[in-house]
Structure formats: C-alpha cells, structure tokens
Amino acid sequence: MQIASRSLPARALLSPRRIGALALAGLLALAPAAPASAQGRSLPVVRDAEVEALLRDYATPIFRAAGINAQSTQIVLIADRSFNAFVANGQRIFMNVGAIMDSETPNEVIGVIAHEAGHIAGGHLARLRQEIATAQILSVVGMLAGAGALVGASRSGDTIGNTGTGVSGIFAGGQELAMRNLLSYQRSEEQAADVAAVRYLTATRQSPMGKIRVFERFADSGLFRTRALDPYLLSHPLPAERIALLQRLAAESPYRDAKDPPALQARHDLARAKLFGFVERPETVLNRYPPHDNSLASRYARSIVMHRTGRSSEALALIDGLLAAQPNNPYFHELRGQVLLESARPREAVASLRRAVQLAENAMPIRTLYGQALIALGDGASLEEAVRQLNVVTRREPDWPHAFRHLAMAYGRTGQIPLAELATAEYHFAAGDHASARAQATRAMRGFTEGSPSWRRARDIAEFEPPRR
C-alpha cells in the first residue's frame, strides 16, 4: 500500500452537497472561509492494487447498468478513516478507506458505489451549478429588497436591526430563501440517486439491503439524529426518510435476499484486513484480529502489524503461511516484497515483487514497488530494468506522480541526466507543483535535441499555464 499527499483542485474534492454548501456560503457570506480541505490542501491518496481491483470488480457491473463508461470513471481512495464517498470533477468517485473498513459485506460498498453512480448518470454536478446560479440571483433579490427597506426606513425614521423588519432581517430572509431553495434541490437529487442505486442493483441482480444497513448503522450510532433540526436546512433527506424509501424499494426487489458470492466476500475480508493493518493502531488491529484467529484475513492483518512494529521475521513467517494457502495471490507476494524491501533485503524483495507483477500485470502500484526494489538493488542490469518497468507505469498512469519520482532516480543512477530532469518535472507537474515543474523542464530542455519528443514534452511543461480559478 502506498499513501502519498496529492494536491487536487478544490473543485475535485467536493461532493455535490459540499459544493453547494460552500458555494452558497461564498455567495451569501453566511459562513467563514471554506475549510482547508476545500481550498486545495493536499489529500492523502491511497494506492493499493488489491483494493483498487476489488472496487473495480464491484463497480463495473453497476457502471454498465448506469450507462457509465467504466474505463473513464475512476474510484480514488482517500486515507480518511471516516465513512464517506462523493462524486466530483466529472466521472471521478472519491471514497474514504473508512467506507470499506466499516462495510461488513461487499454489498454495502456496492450500494455506496451505486448511489454515486446515480449522481454521475443523473448529471447532478452539472445541474447543481445551475442551481447555484439561481441561488445567487435570489440572494441579489434579497439584497435589493434590503436596500429598498433601508431607504424606506431612513425616510420614515424607523430603527433598523432590532425589530426584524430592518436591513439585517431582510438580508437574512433573502439568504434563507436562497439556501432553502438550493438545499431542497440537493435533497431531491440525493433521493434520485437512492432510487437510481436500487435500479442498478436490481439490474445486476444484487440486493439493496447493504445500502439500507449502512443508513441504519449511522442512525443507530446517532450520527444522523436530527430531530431538532429543520429538515429544509439539511442538504440530504433525513435518514429516516431515506431508510423508509429504500425499504419500500427493497420490498419490491426480486433480489432483496440475494447474498454476495463467498469468493467475493473472502476478497472483501482480506481487503478490510489489509486496510485495518495499515491504518489502525497496532493494539486496535490485534484486538480485532487476535492471534487465536487463524483465518487468512486475521493473519494478513497481523502480518502487517508485525511489520509496522519492527518484527519483520514474524511478519514474514505469517506471510509465508498465507502464501502456502494461496501461492498465486499476487498481493501476498507484494506484501512479502514490501516487507523485505523495507527491511533492507532488496534482492529477496525483487524476487517476490517480480512474481507479484507476473500474477497481476495490470497492477501499476505493484509494478512501481518492483521498480523501487530494482533501484535499491542498484546494479546496472537492475537499474535498466527499473527504467523499463517504471516507464510502463508512467505511460499507463501519467497523472500519478509517485512513479515519476522513482523513474527520475533510476535515470539519474544510469547517467541519463536530462531524462532524470524531465522525469522530475513530470513528478512535480502531476503533483500540481507547476513552478517546480517549469524549472525542471526548462533545465531538461538544454540536454535534448531541439524538436525531439523529449524536448517537446519538456517545452510543453515549461510553457504550461494552469487555468485560473
């Protein structure tokens, strides 16, 4: 598993509800500045081949049912323990690792994906911008009414601000009207996404009960206890309303009682165990996956904790036991390679990671780790192989900065300095640091023949001007 801070545009980080709330706050000055997470702060993005493959298998049938192009729709994992998922920036679903960790079955995560697919298929983000524009118009109307009241009050000698009929009361009235209209719109879109989710689940012969269990769990925990709140001031339907709607729809589904296939449940259990192993405190993991639990998931989680706490021999013993049970599991080989690499045993790590790449050729995070191990090994043939492997990754995933950083190192150690500088420029460019990218690209251009492909790419980076927000 690889976790790296990645700077993403603020508009790419916000759910429809957050976009609406923050945009409206900006338009109406109802709240202080947006939180740092909404202002382009780097997000810790998680790359893990196992979890990504599982989510892809969950999502592909749902996307097909929704009429969404699965190849152009990406699920991005965020290193956040809370349960959340949202759609932003076109066809991109952001999902916190906590959503997977807190979901006991695949069906619960699939229900979340189906809901977000409903937002994408329904074009809710595009229509939300229109609603925000309408809210702005309404706020202007409110301010004009307030200005008129100010003129009238000044002429009549009325005191403003204490009776509720002065400027402050009328301004608040205009703002409240705008907010109620926008949030009412968002509530209807959430309901539409719920209905669409059940339709996609039915089309793929899956139960809608997982989605219901998610809401019931939140309601039981008190997270959504909102009896004292005005429902119109919420951007989502009240949980009781959503649960009731989903229960009505579930009662009509012929697949209400459908269960997840055992093999899929087993993969889900392993993915959750891995996330718990890397994310939670060691004592929390060991309480959840105690030594007397000999399941694959439990041993998987404990092997990660052993590695995290410096007990690499115990970690490797557990991983070897996992490989004895599933010798062709690429993710067990990957973990073994990671433990060996981080224990300064690169030659053994290379062997494990080479096998992992053979078993999962399209898993770019594994191939990146393999490239790191080859660089650590450090001989000429290994460095040349690292360049080949990391070039595969960067061609397949040019927006992911991590591989470019290691590619730059491999080029540098093989004496290919202009290519190392270009790879460094690509790293900064993918990470959103355009000033550093421009400086590195300008330096790289001096080492290439003018007009060559590498020179042209360096020039493109050097001359790139990010769009103004």
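These figures come from a predicted structure and were not determined experimentally.

**So, the overall build of the chain**
Then, in step 1: The number of helices and strands found in the chain is 20 helices and five strands.
Then, in step 2: Taking the intrachain contacts of the chain between residues at least 6 apart in sequence as the baseline, contacts between residues at least 24 apart amount to 66%.
Then, in step 3: As displayed, the chain has an accessible area near 21800 Å², and 52% of this comes from carbon and sulfur atoms.

**Regarding helix H15 (residues 364-377)**
Then, in step 1: End to end, H15 covers 20 Å across 14 residues, agreeing with the expected 20 Å (1.5 Å per residue, within 8%).
Then, in step 2: The buried fraction of H15 amounts to twelve of the 14 residues, a majority that puts the element mostly inside the structure.
Then, in step 3: Taken together, the buried positions of H15 are occupied by Met364, Pro365, Ile366, Arg367, Thr368, Leu369, Tyr370, Gly371, Gln372, Ala373, Leu374 and Ile375.
Then, in step 4: In the stretch just after H15, glycine 378 is the one whose phi turns positive, near 85°.

**As for the side chain of glutamate 50**
Then, in step 1: Tracing the backbone shows glutamate 50 in helix H2 (residues 49-66).
Then, in step 2: With residues up to four places along the chain from it excluded, the contact list for glutamate 50 reads Leu270, Ala271, Lys274, Tyr300 and Tyr331.

**Re H2**
Then, in step 1: Helix length check: H2, at 18 residues, gives a terminal C-alpha distance of 25 Å against a target of 26 Å (1.5 Å per residue), a fit within 8%.
Then, in step 2: At alanine 59, H2 shows its maximal bend, which comes to roughly 30°, and the proline proline 61 appears one to four places after that position.
Then, in step 3: Taken residue by residue, H2 has Ala49, Glu50, Val51, Glu52, Ala53, Leu54, Leu55, Tyr58, Ala59, Ile62, Phe63 and Ala66 as its buried positions.
Then, in step 4: The backbone nitrogen of glutamate 50 lies 3.2 Å from a side-chain oxygen of the residue at the head of H2, namely aspartate 48.
Then, in step 5: Positioned one or two residues after H2, glycine 67 has a phi angle of 75°, which is positive.

**Quick look at the pairing of strand S3 (residues 74-78)**
Then, in step 1: Most of S3 sits out of view: four of its five residues are buried.
Then, in step 2: In terms of strand pairing, S3 meets strand S5 (residues 92-96) through five bridges, oriented parallel. Each residue of the ladder has a partner; that of valine 76, found in S5, is phenylalanine 94.

**What about the packing of aromatic side chains?**
Then, in step 1: Enumeration over the complete set of coordinates arrives at four aromatic pairs.
Then, in step 2: Taken together, a centroid distance of 5.0 Å and an interplanar angle of 75° make the contact between tyrosine 300 and phenylalanine 332 edge-to-face. You can see tyrosine 300 sitting in helix H11 (residues 296-308) and its partner phenylalanine 332 sitting in helix H13 (residues 330-342), a full 32 residues away along the chain.
Then, in step 3: Residue tyrosine 300 is classed as buried on the basis of its relative accessible area, which comes to 0%.
Then, in step 4: The exposure class assigned to phenylalanine 332 is buried, which follows from its relative accessible area of 0%.
Then, in step 5: Between phenylalanine 429 and phenylalanine 464 the ring centres are 5.0 Å apart and the planes differ by 80°, which places this aromatic pair in the edge-to-face class. On the criterion of sequence distance, the pair formed by phenylalanine 429 in helix H18 (residues 417-431) and phenylalanine 464 in the segment after helix H20 (453-462) is long-range, its members being 35 residues apart.
Then, in step 6: In this structure, arginine 47 is placed above the aromatic ring of tryptophan 400, and the distance from its NZ or CZ to the ring centre is 5.0 Å.

**Quick word on the packing of H13 against helix H14 (residues 346-359)**
Then, in step 1: Relative to each other, H13 and H14 sit at 160°, their axes nearing to 8 Å. When the interaxial angle is binned, H13 and H14 end up roughly antiparallel. Remark: the crossing between H13 and H14 carries left-handed chirality. On the side of H13, the interface is formed by Pro330, His333, Glu334, Arg336, Gly337, Leu340 and Leu341, while H14 contributes Pro346, Glu348, Ala349, Ser352, Leu353, Arg355, Ala356 and Leu359.

About the criteria used
Residues numbered from 1 in each chain as written. Predicted model: local features only at pLDDT ≥ 70, side-chain atom pairs only at ≥ 80, totals over all residues. Heavy atoms only, no water. Helix = DSSP H or I, 4+ residues; strand = E, 2+ residues; numbered from the N terminus. Contact = heavy atoms within 4.5 Å. Areas by Shrake-Rupley, 256 points an atom, 1.4 Å probe, with all protein chains shown as cover. Expected span 1.5 Å × (residues − 1). Buried < 20%, exposed > 50% of the residue type's maximum accessible area, 1.4 Å probe, protein only. Bend = angle between axes of the 7 residues up to and from the residue. Polar contact = N/O pair within 3.5 Å; in protein donor to acceptor, adjacent residues only side chain to side chain. Pairing = 2+ DSSP bridges. Phe/Tyr/Trp six-rings, centres within 6.5 Å; stacked < 30°, edge-to-face > 60°. Lys NZ or Arg CZ within 6 Å of the ring centre and 35° of its normal. Axes fitted to C-alpha atoms, helices over the stretch in contact; angles between N-to-C directions. Parallel < 35°, antiparallel > 145°, perpendicular 65-115°, else oblique. Left-handed = near helix turned anticlockwise from the far one by under 90°.

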